[in-house]
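Structure at a glance
The residues making up each chain are set out below.
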Amino acid sequence: MDKSIGKLTVYFDDPFWVGVFERIEDEKLSVCKITFGAEPKDYEILEFVLKYYSQLKFSPAVDVTVRKETTNPKRIQREARKQTAEYGIGTKSQQALQLQREEHKLMRKTISKEKREAEKQRRYDLKQQKRKEKHRGR
């Protein structure tokens, strides 16, 4: 089943406007959070999606069950009204964002540890070089 579903939710998260892209492919949910700043206009959002969608960094995929599409127009209207009344993002999306944050945290930790070790080694080498220079004449 090669079906993709995409959804963008824009909401006000004091003090900024935030957009959450949800992408469902092969029953896997990936999420990306974007901070807009000032309230974006519809044409600005469309322009942003067209220009930068390919550059967005989505979270790792989380399993999700995709319901079959309903055809009843009244039900679709109710669901649309409910979605516009909702405030924020769903729990699956929050889980996906949390996974993405944890991945970035681990990457930052490993990079900073490597930098620390490299600096420590550089200082040690410098210290050894100074010792050798002091004892050069003996």
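This write-up is about the structure you can find in this document.

Here's the deal with unusual backbone geometry
- Look at D26: it is not a glycine, yet its phi comes out positive at around 50°.
- Looking at where D26 falls in the secondary structure, it is placed in the loop between β2 (16–25) and β3 (28–37).
- Owing to a relative accessible area of 48%, D26 belongs among the partly exposed residues under this scheme.
- Of note, the phi angle at E27 is positive, near 60°, even though the residue is not glycine.
- Note on placement: E27 falls in the loop between β2 and β3.
- Judged by relative accessible area, E27 falls into the partly exposed class, the value being 40%.

Considerations on the pattern of salt bridges
- Throughout the structure, instances matching the rule amount to 3 salt bridges.
- In this structure, the salt-bridge partner of D63 is K28, at a minimum N-O distance of 2.6 Å. In this pair, D63 is assigned in strand β4 (residues 62–63) and K28 in strand β3, connecting sequence segments 35 residues apart.
- When the shortest N-O distance is used, the salt bridge between R123 and E119 registers 3.4 Å. You can see R123 and its partner E119 sitting in helix α3 (residues 91–134), 4 residues apart, about one turn around the helix.
- Classification of R123 as exposed rests on a relative accessible area of 56%.

What to know about the side chain of E22
- Structurally, E22 is set in strand β2.
- Despite its burial, E22 pairs with no opposite charge; the closest candidate is K7, at 4.1 Å N-O.
- Only 2.5 Å separates the side chain of E22 from the side chain of S93, close enough to count as a polar contact.

Here we look at the sheet that holds β4
- The antiparallel open sheet is built from 4 strands, whose spatial order is β1-β2-β3-β4. The two strands at the open ends of the sheet, each matched to only one other strand, are β1 (4–13) and β4.
- Bridge analysis of β2 against β3 gives 9 bridges, and the strand direction is antiparallel. For E22, the partnering residue across the bridge sits in β3 and is V31.
- Taken strand by strand, helix α1 (residues 42–52) contacts β1, β2 and β3, and its axis lies near 135° from that of β1.

As for the environment of R122
- Tracing the sequence through the fold places R122 in helix α3.
- Take R122: its relative accessible area is 46%, and that puts it in the partly exposed class.
- R122 sits 13 residues away from H135 along the chain, and the two C-alpha atoms are 20 Å apart.

Basis of the calculations
- Residues numbered from 1 in each chain as written.
- Predicted model: local features only at pLDDT ≥ 70, side-chain atom pairs only at ≥ 80, totals over all residues.
- Heavy atoms only, no water.
- Helix = DSSP H or I, 4+ residues; strand = E, 2+ residues; numbered from the N terminus.
- Buried < 20%, exposed > 50% of the residue type's maximum accessible area, 1.4 Å probe, protein only.
- Salt bridge = Lys/Arg side-chain N within 4 Å of Asp/Glu carboxyl O.
- Lys, Arg positive; Asp, Glu negative; His and termini not counted.
- Polar contact = N/O pair within 3.5 Å; in protein donor to acceptor, adjacent residues only side chain to side chain.
- Pairing = 2+ DSSP bridges.
- Contact = heavy atoms within 4.5 Å.
- Axes fitted to C-alpha atoms, helices over the stretch in contact; angles between N-to-C directions.

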